[in-house]
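Topology and contacts: notes
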Amino acid sequence: MKEIDVCQVACVDQERVDRVKAILNPDETKDVAKIFKALSDETRMKIAYSLYLEDELCVCDVGNIVGASTATASHHLRLLKNMGLAKYRKEGKLVFYSLTDEHVKQLISIAFEHQKELSTLD
């Protein structure tokens, strides 16, 4: 028998609906969605996870890790920086990137931890 994953009757708990709607901020949810959109690219996720694992990497190392040119790695790193997920510092002719803060590190860590748990369920 096919499972139905939609309510079969209309039932709205108006108190709950009102409580959540009062908290939801459209601008905030849009900005949070942008973070996940930036991380939805496989290359950028590889880069973010690499930065999580090593704390800081130069652009050349990042390119080597993800199998991309320095220019491509730089493009992805710049996007992560513009989204507030990464920061950089210059040291002579080298540019080193790291994740912005502990929140970003936790986000990356939890995503990979969750995926590993899902993999064990298969």
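Rules and cut-offs
- Residues numbered from 1 in each chain as written.
- Predicted model: local features only at pLDDT ≥ 70, side-chain atom pairs only at ≥ 80, totals over all residues.
- Heavy atoms only, no water.
- Pairing = 2+ DSSP bridges.
- Helix = DSSP H or I, 4+ residues; strand = E, 2+ residues; numbered from the N terminus.
- Contact = heavy atoms within 4.5 Å.
- UniProt positions renumbered as here; feature names shortened; annotations may be inferred.
- Axes fitted to C-alpha atoms, helices over the stretch in contact; angles between N-to-C directions.
- Parallel < 35°, antiparallel > 145°, perpendicular 65-115°, else oblique.
- Nonpolar A, V, L, I, M, F, W, Y, C, P; charged D, E, K, R; others polar.
- Salt bridge = Lys/Arg side-chain N within 4 Å of Asp/Glu carboxyl O.
- Buried < 20%, exposed > 50% of the residue type's maximum accessible area, 1.4 Å probe, protein only.

Taking strand neighbours across the sheet as the criterion, the three strands line up as E1-E3-E2 in an open arrangement whose pairing is antiparallel. At either end of the open sheet lies a strand with only one pairing partner, and these are strand E1 (57-58) and strand E2 (86-91). Across two bridges, the pairing between E1 and strand E3 (residues 94-99) is antiparallel. By the bridge assignment, Cys58 is partnered in E3 with Phe96.

Moving on, we come to the side chain of Ser98. For Ser98, the location among the structural elements is in strand E3. Apart from the residues within four sequence positions on either side, Ser98 is in contact with Leu51, Asp55, Glu56, Leu85, Ala86 and Lys87.

Sequence positions flagged by UniProt for "domain: HTH arsR-type" (unreviewed entry) are, in local numbering, residues 24-119. For residues 24-119, the helix share is 69%, the strand share is 15%, and the end-to-end C-alpha distance is 32 Å.

This next bit is on the pairing of E3. Moving residue by residue along a regular strand, the side chains alternate between the two faces of the sheet. Two strands pair when backbone bridges link them, and E2 and E3 are joined in this way by six bridges, in the antiparallel orientation. From the neighbouring strand, Lys90 faces E3, where its bridge partner is Val95. Here E2 folds back onto E3, and the loop between the two strands holds two residues, one of which, Gly92, carries a positive phi near 65 degrees.

One can describe the packing of helix H3 (residues 42-54) onto helix H6 (residues 102-121) by two numbers: an axis separation of 10 Å at closest approach and a directional angle of 110 degrees. The angle between the axes of H3 and H6 places the two elements in the roughly perpendicular class. Seen from H3, the contacting residues are Met45, Ala48, Tyr49 and Tyr52; seen from H6, they are Lys105, Ile108, Ser109, Phe112 and Lys116. For the contact of H3 with H6, the class distribution of residues is six nonpolar, one polar and two charged.

The tally for this structure, following the rule as stated, stands at six salt bridges. Close ionic contact of Lys46 with Glu42 constitutes a salt bridge, the shortest N to O distance being 4.0 Å. Here Lys46 pairs with Glu42, and both are found in helix H3, just four residues apart, close to one helical turn. Where Lys105 meets Asp55, a salt bridge forms, and the shortest distance between an N and an O atom there is 3.9 Å. Taken together, the positions of Lys105 in helix H6 and Asp55 in the loop between H3 and E1 put the pair 50 residues apart, joining distant regions of the chain. Of the residues examined, Lys105 reaches a relative accessible area of 22% and is grouped as partly exposed. Relative accessible area serves as the criterion here: at 46%, Asp55 is assigned to the partly exposed category. What emerges from the salt-bridge pattern is a single network uniting Glu56, Arg89 and Glu91.

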